[in-house]
Amino acid sequence: MPHSTADLPPTPVVGGSGTTTSTPSRALIPNGDPVLAARFAVPTLPTTFVHRPRLTERLSRARQDPLLLVNGPAGAGKTLLVADWIAGTPHPGPVAWLTVEREDNAPGVFWAYVLEALRHHGVELPADIGRPVRAESVDPSLLARLADHLGRLPTPVLLVLDEFERVGAVAVADALHSVLRHAGPGLRLLVISRTEPLLPLHRYRAAGQITDIRGADLAFTTEEAQLLLGRHRLCLPGEAVRTLTEHTEGWAAGLRLSALAIQQAADPEVFLKEFEAGHSTIADFLLAEVLDTQPTETQDLLLRTSILERIHPALADALTGRQDAEPILERLQHANAFVEPIGRSWYRLHPLFAEILQVHLHARHPGLDAELHRRAARWLAEAGRLTEALAHAAAAGDWAHAADRFVDEPAIGQLFTGLDAGRLDDLFAAMPAEVAGPAPDLVRAARALARYDVEGGLTHLRSAERHLARHGAPAARLSCAFLRVLAARLQGAAEPAQTAAAQAERLQREIPPERLAAHPELPALLLGNLGSVLLWAGRFDAARTALKAALQACEGATTAAPRYDALSRLALIDYLGGRPGRAAGLARQALAGATRCGLAPAARAGIGQLVLAAVAIDRDELPEARNALEQAAVSAAAQHEPTMTVGLAVVRSRLLLAEGDPAAALGALPSVDQMAVGRMPVAAAASPWAGDLVALAAAAAQLAGGDPGSAVRLLEQRGAGGPQCAIAVAIAVATAQAQLAAGDSQAALRILDSLSGGGPGTAGHGPAPGPAGAVLVLLAKAQLADTLGDEAAAYRLLVRALATARPEQLRRPFQQAGPWLRRVLRRRPALAHAHDWLPTELLAELPKPEQGPGPGQAAEALPVEPLSDREHDVLERAAQLMSTGEIAADLCLSVNTVKTHLKSINRKLAASRRGEAVRRARQLHLL
């Protein structure tokens with residue numbers, strides 16, 4: 001069998017001009033030029049090469065696929081990756097390498113080189129296989145013989161075609177596909193290309209017969225970049241490597257060129273910080289390999305669109321003044337020319353490439369960039385992309401236009417919420433002081449208020465209002481009213497907030513509905529701010545109405561912050577109303593929504609976490625309380641907003657007290673004098689309930705510290721008729737407890753008898769103080785009864801307190817009730833053990849149920865079948881002589897359900913009637 005083309009007989013060839021006869025020649029291609037053996041050489045790996053197993057292993061796993069495609073932009077490391085894989089991986093058959101040239105677009109030339117590449121790399125071909133004799137054509141039978149021969153080989157040949165983007169001839173691609181298809185398992189084809197090859201890739205994909213490695217796969221990770229720099233004897237901090245990797249987006253050539261440049265720098269870190277992409281070897285590479293190879297129109301488009309973060313064909317046309325952007329961008333994407341699609345007809349340039357192009361745009365067309373930014377601003381504004389439009393208006397130096405457009409939209413609420421808030425703040429931070437007018441003043445006022453700079457915000461707001469008094473557009477005046485409400489909220493001033501909110505409501509009717517609908521954050525923020533200041537003022541019903549209206553105005557991601565704020569403040573109202581369970585539910589709902597929308601903890605008001613911390617203390621879950629408190633303190637509002645400032649102080653004090661440090665608890669609070677005159681941060685008006693909460697926390701700390709006299713004096717300074725029944729009840733209860741501790745049981749009795757809180761725990765007929773308030777009242781009365789020696793009354797009241805606290809799991813009131821509670825429970829340990837949700841340490845002090853009844857108690861056996869929690873609830877209320885209907889209403893059950901529970905209770909207690917069941921339950925110490 002011959003081993004060289006010199007031994008081959010003449011071969012008939014079918015080409016465009018018909019059949020002809022070839023003449024044997026030694027290593028010549030059909031046009032008579034000698035075969036260049038250098039094109040068969042597998043590239044040598046440089047000493048700085050980084051082996052990347054994640055990619056070579058992927059190639060190895062795809063060994064059975066007929067087609068492997070490594071596709072990426074210039075300098076992506078395609079060729080060296082494949083060379084590394086070939087060198088480091090055993091292959092079952094020979095590997096033939098061919099670097100393609102543009103002359104290979106001639107089918108005869110291409111196949112002549114393929115045959116020579118196969119022979120060069122040890123693939124024995126039959127003597128009669130023939131050879132192309134015309135550059136422009138190839139004999140189909142030659143290709144058939146080649147495919148047949150390859151298909152008969154015992155091991156597959158791997159044919160690597162490097163730089164295949166140089167082949168654009170359909171005839172070559174069709175013939176290659178035909179040979180690959182007919183050779184079967186005898187041929188594997190690996191194509192390295194910058195562009196999509198003309199092979200029918202969709203067929204291979206549909207059949208699952210292709211492995212595709214793309215530019216994104218080829219990008220270096222930070223760890224790989226670190227290895228690459230190490231090969232260049234560079235040792236940079238991890239942060240510098242990460243920055244370099246992000247800047248180049250892992251582009252291999254960019255990293256290598258950067259490494260070479262850094263080697264020449266005196267201080268590598270300083271070099272990286274001061275790196276100028278437009279004047280570097282990277283720029284030389286990209287300009288030579290990408291820009292200069294493009295037609296003039298394409299170069300012009302690339303330079304003009306380099307000012308954009310993302311490119312839409314219509315926007316590109318607006319910048320070039322032509323109508324050819326779409327096909328150019330599609331072609332550049334196909335050519336992997338550092339242009340990639342990002343969806344919905346938008347493209348983007350590689351950031352490094354764009355940076356280099358901007359430098360050259362400025363050099364080639366001085367001053368044109370400002371005009372391009374103005375055109376982009378107009379196009380984007382018309383397209384409804386305000387944030388992007390503002391950035392270009394600012395880049396053009398047209399600040400007055402940017403501020404006018406922003407206020408007129410009206411989009412000023414976006415400075416307080418939404419994903420663009422930080423970006424907009426940064427944008428307008430660069431606005432020069434000399435830019436004057438109502439819109440710039442409104443933007444400055446909004447930025448100041450967003451940073452809780454009330455004085456600064458009001459200064460700019462007054463300046464804007466002076467301008468608008470003469471000729472104010474509705475959108476600008478609406479922005480003024482909105483900022484007035486916000487400023488009033490930060491000052492704790494409810495009346496000015498209501499006045500401004502009413503003005504804003506009128507002005508909203510003057511704005512075109514479609515423009516207002518585009519910015520749901522504005523009414524949501526406005527109503528939320530109004531609700532917040534009404535809450536601070538203790539007008540809870542009005543606050544609840546405004547906050548619920550704010551919730552209804554919330555739509556989409558732009559209202560994530562006001563939605564969180566409204567929900568969490570509604571939770572606070574519930575908590576202050578003595579309903580911790582419902583408050584915790586709302587707070588969790590607020591936090592889940594904020595997390596779902598990606599709202600950073602610092603951007604939240606922190607009220608939700610504050611409520612959860614307070615509820616966790618009530619439930620004696622102190623680690624959870626500490627965690628929630630720390631998260632609440634992260635909020636930017638923690639040190640500025642009155643509600644947060646007071647709330648954090650009170651909850652922190654309560655936590656310290658629960659952890660057993662009364663002195664620290666007292667020290668964590670602001671002085672009552674401060675609260676009385678409203679001297680908390682930026683608050684212009686004191687909050688009645690906030691003052692009460694501080695007084696309650698301080699009195700609790702004083703009482704725990706053994707100073708009941710100070711606690712009494714402090715609490716007596718607070719008004720008994722607070723804005724919310726639960727707080728007033730808590731003040732009264734705390735005062736009575738302090739009087740008891742001071743030894744004045746008669747004073748305590750008068751206070752408790754005077755309570756008019758209503759509900760199951762109080763004697764009067766006012767609005768219910770919620771379960772938390774009712775538990776406090778019942779425990780205080782039980783303590784008083786125990787002090788007065790009325791053991792039966794103390795027991796009865798304690799039973800009711802436990803029944804009321806159980807659904808809310810309110811452990812803290814029992815934990816801190818004092819020695820009297822432990823005395824009562826020791827006498828009736830079964831009662832406590834029937835409430836196993838009580839604090840563990842409290843239960844641990846009591847005799848175990850199996851240890852038998854306490855002294856003087858009947859030794860009656862417990863029922864065989866224990867009562868369920870709900871049956872306990874029903875039984876406790878039956879013992880309070882509540883009717884079936886009253887029990888149903890109190891437990892939110894149907895009457896029929898209560899009747900079912902009563903029947904079950906009778907059965908388990910072997911009783912025939914309700915009264916008998918109650919008596920038996922008492923005998924068994926279940927009540």
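This section reports on the structure supplied with the text. Residue numbers restart at each chain and count upward from 1, following the sequence in its written direction. This being a predicted model, a pLDDT of at least 70 is required before a residue's local features are given, and a value of 80 or more before pairs of side-chain atoms are given or counted; all residues contribute to the totals for chains, interfaces and linings. Side-chain metrics rest on all non-hydrogen atoms present in the structure, leaving aside hydrogens and water.

Put simply, DSSP marks the helices as runs of H or I at least four residues long and the strands as runs of E at least two long, and each gets a number from the N terminus on. A count of helical and extended segments in the protein chain gives 48 helices and 9 strands. For the protein chain, the exposed surface amounts to about 38,600 Å²; the carbon and sulfur share of it is 53%. Computed with the Shrake-Rupley method and a 1.4 Å probe, the accessible areas treat only the protein chains shown as cover for residues.

Strands are labelled as partners when DSSP assigns at least two bridges between them. One open sheet holds the 5 strands; their spatial order is E4-E5-E6-E3-E7, and the pairing between them is parallel. Only two strands of the sheet have a single partner each, and these edge strands are strand E4 (95–99) and strand E7 (210–213). Mean inter-strand twist for the sheet, computed between neighbouring axes without regard to direction, equals 15 degrees. In this structure, strand E3 (residues 67–71) lies alongside E7, joined through 4 bridges in parallel fashion. Across the sheet, Leu69 pairs through a bridge with Asp212, a residue of E7. Should any heavy atoms of two residues lie within 4.5 Å, those residues are considered in contact. Working convention: axes come from line fits to C-alpha atoms, limited for helices to the stretch in contact. Angles between N-to-C directions cover 0 to 180 degrees. Packed on one face of the sheet, helix H1 (residues 53–61) meets E3 and E7 and runs near 165 degrees to E7.

So, about the packing of helix H32 (residues 642–658) against helix H35 (residues 688–704). As a packed pair, H32 and H35 sit with axes 10 Å apart at the nearest point and diverge in direction by 20 degrees. As the angle between them shows, H32 and H35 are arranged roughly parallel. In this structure, H32 meets H35 at a crossing whose hand is left-handed. Across the interface between the two elements, Thr643, Val646, Val650, Ser653 and Leu657 from H32 touch Trp689, Ala690, Leu693, Val694, Ala697, Ala700, Ala701 and Ala704 from H35. By the convention adopted, Pro, Cys, Tyr, Trp, Phe, Met, Ile, Leu, Val and Ala count as nonpolar, Lys, Arg, Asp and Glu as charged, and the other residues, Gly among them, as polar. Among the residues forming the contact of H32 with H35, the class breakdown is 11 nonpolar, 2 polar and no charged. Angle categories: roughly parallel below 35 degrees, roughly antiparallel above 145, roughly perpendicular from 65 to 115, and oblique for all the rest. Here is the rule for handedness: rotate from the far helix to the near one, and if that takes an anticlockwise turn smaller than a right angle the crossing is left-handed, while a clockwise turn gives right-handed.

Moving on, we get to empty space enclosed by the protein. With a 1 Å grid laid over protein atoms only, a set of points is called a cavity when a 1.4 Å probe fits there but cannot get out and a pocket when it is open yet has protein on both sides within 12 Å along at least five of seven lines; lining residues have an atom within 4 Å of a point. Grid points are joined across faces, edges and corners, and a volume is the space filled by probe spheres set on the points. One pass over the full model with this rule turns up 8 cavities of 30 Å³ or more. By volume, the largest cavity is sized at about 80 Å³. For the lining of the largest cavity, the residue count by class is 7 nonpolar, 2 polar and 2 charged. Tyr564, Leu591, Pro601, Arg604, Gly606, Gln609, Gln631 and Ser635 are the residues that line the second largest cavity.

What follows is about the nonpolar core. We define a nonpolar core as any set of buried Ala, Val, Leu, Ile, Met, Phe, Trp, Tyr and Cys residues linked to one another through side-chain atoms lying within 4.5 Å. Whether a residue is buried, partly exposed or exposed follows from its accessible area with a 1.4 Å probe, protein chains only, as a fraction of its type maximum: under 20%, in between, or over 50%, in that order. Grouped together as the largest cluster of nonpolar side chains are 125 residues, with contacts concentrated most on Phe406, Ile412, Phe428, Leu442, Leu483, Val611 and Trp689. The element that contributes the greatest number of residues to this core is helix H23 (residues 474–491), accounting for 12 residues. Here Val611 is in contact with Ser568, Ala571, Leu572, Tyr575, Ala583 and Ala587, once residues within four sequence places are set aside. Counting 47 residues, the second largest nonpolar core, distinct from the first, contains Val109, Ala135, Leu187 and Leu201.

Further remarks concern unusual backbone geometry. The omega torsion across Glu409 and Pro410 is -5 degrees, close enough to zero to call that bond cis. With respect to the helices, strands and loops of the structure, Pro410 is situated in the loop between helix H19 (399–408) and helix H20 (421–429). Its identity as a non-glycine residue notwithstanding, Tyr452 has a phi of 65 degrees, on the positive side. Looking at the secondary structure, you find Tyr452 in the loop between helix H21 (438–450) and helix H22 (454–471).

The N-to-C vectors of H19 and H20 enclose an angle of 145 degrees; their axes lie 11 Å apart at closest approach. Note that H19 runs across H20; the crossing there is left-handed. Of the residues in H20, those in contact with Trp399, Ala402, Ala403 and Phe406 of H19 are Leu424, Leu427 and Phe428. Of the residues contributing to the contact of H19 with H20, the split by class is 7 nonpolar, no polar and no charged.

Our next topic: the side chain of Asp162. For Asp162, the location among the structural elements is in strand E5 (residues 157–162). No salt bridge is formed by the buried Asp162, whose closest oppositely charged neighbour, Lys78, lies at an N-O distance of 6.9 Å. Setting aside residues no more than four positions away along its own chain, Asp162 makes contact with Thr79, Trp97, Leu98, Thr99, Val100 and Ile192. We treat Lys and Arg as the positive residues and Asp and Glu as the negative residues; His and chain ends play no part in the count. Throughout this description, the term salt bridge denotes a Lys or Arg side-chain nitrogen within 4 Å of a carboxyl oxygen of Asp or Glu.

Residue position: Phe49 is located in the loop between strand E2 (18–21) and H1. Note on Phe49: relative accessible area 12%, which makes it buried. In the structure, Phe49 is positioned 32 residues away from Leu81 in sequence and 9.3 Å away in space, judged by C-alpha atoms.

Scanning all chains against the criterion turns up 46 salt bridges. Where Glu388 meets Arg385, a salt bridge forms, and the shortest distance between an N and an O atom there is 3.8 Å. What makes Arg385 partly exposed here is its relative accessible area of 28%. Salt-bridge contacts for Arg444 lead to Asp441; the nearest nitrogen and oxygen are separated by 3.4 Å. Highlighted residues: Arg444 and Asp441, both in helix H21, separated by 3 residues, approximately one helical turn. Arg444 gets classed as buried once you look at its relative accessible area, which sits at 15%. Counted as one network, the salt bridges with shared partners bring together Glu196, Arg205, Asp212 and Arg214.

Take the pairing of strand E9 (residues 346–349) next. What you see with E9 is no split at all: Trp346 and Arg348 on one side and Tyr347 and Leu349 on the other are buried throughout. Joining the antiparallel neighbours strand E8 (residues 339–343) and E9 is a turn of 2 residues, in which Arg344 adopts a positive phi near 55 degrees.

Buried within helix H9 (residues 238–248) we find Ala240, Val241, Leu244, Thr245 and Thr248. When H9 is viewed along its axis, its buried side chains cluster within an angular range of 135 degrees and face the same direction. Looking at the residues trailing H9, positive phi occurs at Glu249, about 55 degrees. Directions pointing from the helix axis toward each C-beta atom define the arc.

Nothing here speaks to function; it is geometry throughout.
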